[in-house]
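Okay, here's what each chain looks like letter by letter:
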Amino acid sequence: MANPNYPLPKFHFSVNWGGASISFTEVSGLNLSTEVIEYRMGNSPQFYKMKMPGMQKSDNITLKRGVFVNQNDFVTWYNTVAMNLVERRSITISLLDENHNPVVVWKVRDCFIVSLKSTDLKSDANEVAIETVEIANQGFEVEYLS
C-alpha cells in the first residue's frame, strides 16, 4: 500500500486495452478542460462579460514505447482508420504502487489513433528506437483507489 505521507512516483504504470497489457516508456496528455462561454446582455449595468462553463474537451493522449520485432499492433490499428469506419477502443492507464497494484486509474473512452510516428534513425546514436502514437479520445474518468 502506498504511504499517504509521500506523493506517488510516476515511473511505475501500466497501459491496458482489450485485456492486453502493453509496455510504454511515456504517457502524456491526460488533460481535461472546460471551454469558457462569455456573455453580456446589452442592457447590463456592468461593463464586463459574464463567464459560464461551456463544452468540455480532452487532449489527445501520446504514448511512447520501444520498437520490438514482430509487434505491429499500432500499425494494424492505425490501418483501421477510415472515414466513419474507425475502430474505437477503450484504454485503461494505471499508476501502480510498489506492489504493482493500481492506485490511480484513468479509463479512457472511444480511442482511435490519429498519428503514428516511427523512430528517427541515426548511425552515430546510442539509443533505443522509440515509436510514438497519438490517440484521440472522448474523455476519461479518474479513479483513486485505496
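Reference entry: report on the structure contained in this document. (Residues numbered from 1 in each chain as written. Predicted model: local features only at pLDDT ≥ 70, side-chain atom pairs only at ≥ 80, totals over all residues. Heavy atoms only, no water.)

## Description of the pairing of strand β6 (residues 61-66)
Point 1. In this structure, strand β3 (residues 26-28) lies alongside β6, joined through 3 bridges in antiparallel fashion. Looking across to β6, one finds that Glu26 is bridged to Lys64. (Pairing = 2+ DSSP bridges. Helix = DSSP H or I, 4+ residues; strand = E, 2+ residues; numbered from the N terminus.)

## Details of the packing of aromatic side chains
Point 1. Overall, the coordinates contain 3 aromatic pairs when judged by the stated rule.
Point 2. A ring pair is formed by Phe24 and Phe74, whose centres lie 5.8 Å apart and whose planes are at 40°; its orientation type is tilted. In this pair, Phe24 sits in the loop between β2 (20-22) and β3 while Phe74 sits in helix α1 (residues 73-78), placing the two residues 50 residues apart along the sequence.
Point 3. Phe24 sits in the buried class, given a relative accessible area of 11%.
Point 4. Classification of Phe74 as buried rests on a relative accessible area of 1%.
Point 5. One aromatic cluster in this structure is built from Trp17, Phe24, Phe74 and Trp77.
Point 6. Against the face of Trp77 rests Arg89, its NZ or CZ located 4.5 Å from the ring centre. (Phe/Tyr/Trp six-rings, centres within 6.5 Å; stacked < 30°, edge-to-face > 60°. Buried < 20%, exposed > 50% of the residue type's maximum accessible area, 1.4 Å probe, protein only. Lys NZ or Arg CZ within 6 Å of the ring centre and 35° of its normal.)

## A short note on the nonpolar core
Point 1. Ranked by internal contacts, the top residues of the largest apolar core, which has 20 residues, are Phe74, Trp77, Ile91, Val108 and Ile135.
Point 2. It is strand β8 (residues 102-117) that provides the largest number of residues to this core, a total of 6 residues.
Point 3. With sequence-adjacent residues up to four places away left out, Ile135 is seen in contact with Asn60, Ile61, Leu63, Trp77, Ile91, Cys111, Phe112, Ile113 and Val114. (Core = buried A, V, L, I, M, F, W, Y, C linked by side-chain atoms within 4.5 Å. Contact = heavy atoms within 4.5 Å.)

## A look at the pattern of salt bridges
Point 1. Counted by the stated rule, this structure contains 6 salt bridges.
Point 2. For the salt bridge of Lys49 with Glu38, the shortest nitrogen-to-oxygen distance reads 3.5 Å. Here Lys49, found in the loop between β4 (32-39) and β5 (50-58), pairs with Glu38, found in strand β4; they are 11 residues apart in sequence, far enough to count as distant.
Point 3. In this structure Lys49 comes out as partly exposed when scored by relative accessible area, which is 48%. (Salt bridge = Lys/Arg side-chain N within 4 Å of Asp/Glu carboxyl O.)

## What to know about a nonpolar patch on the surface
Point 1. Residues Ile37, Tyr39, Met41, Met50 and Met52 make up a contiguous nonpolar surface patch of roughly 460 Å² in combined accessible area.
Point 2. Structurally, Ile37 can be placed in strand β4.
Point 3. For Ile37, a relative accessible area of 42% corresponds to the partly exposed category. (Patch = residues over 30% accessible without salt bridge, like charges linked within 9 Å, V, L, I, M, F, W, Y side chains within 5 Å. Areas by Shrake-Rupley, 256 points an atom, 1.4 Å probe, with all protein chains shown as cover.)

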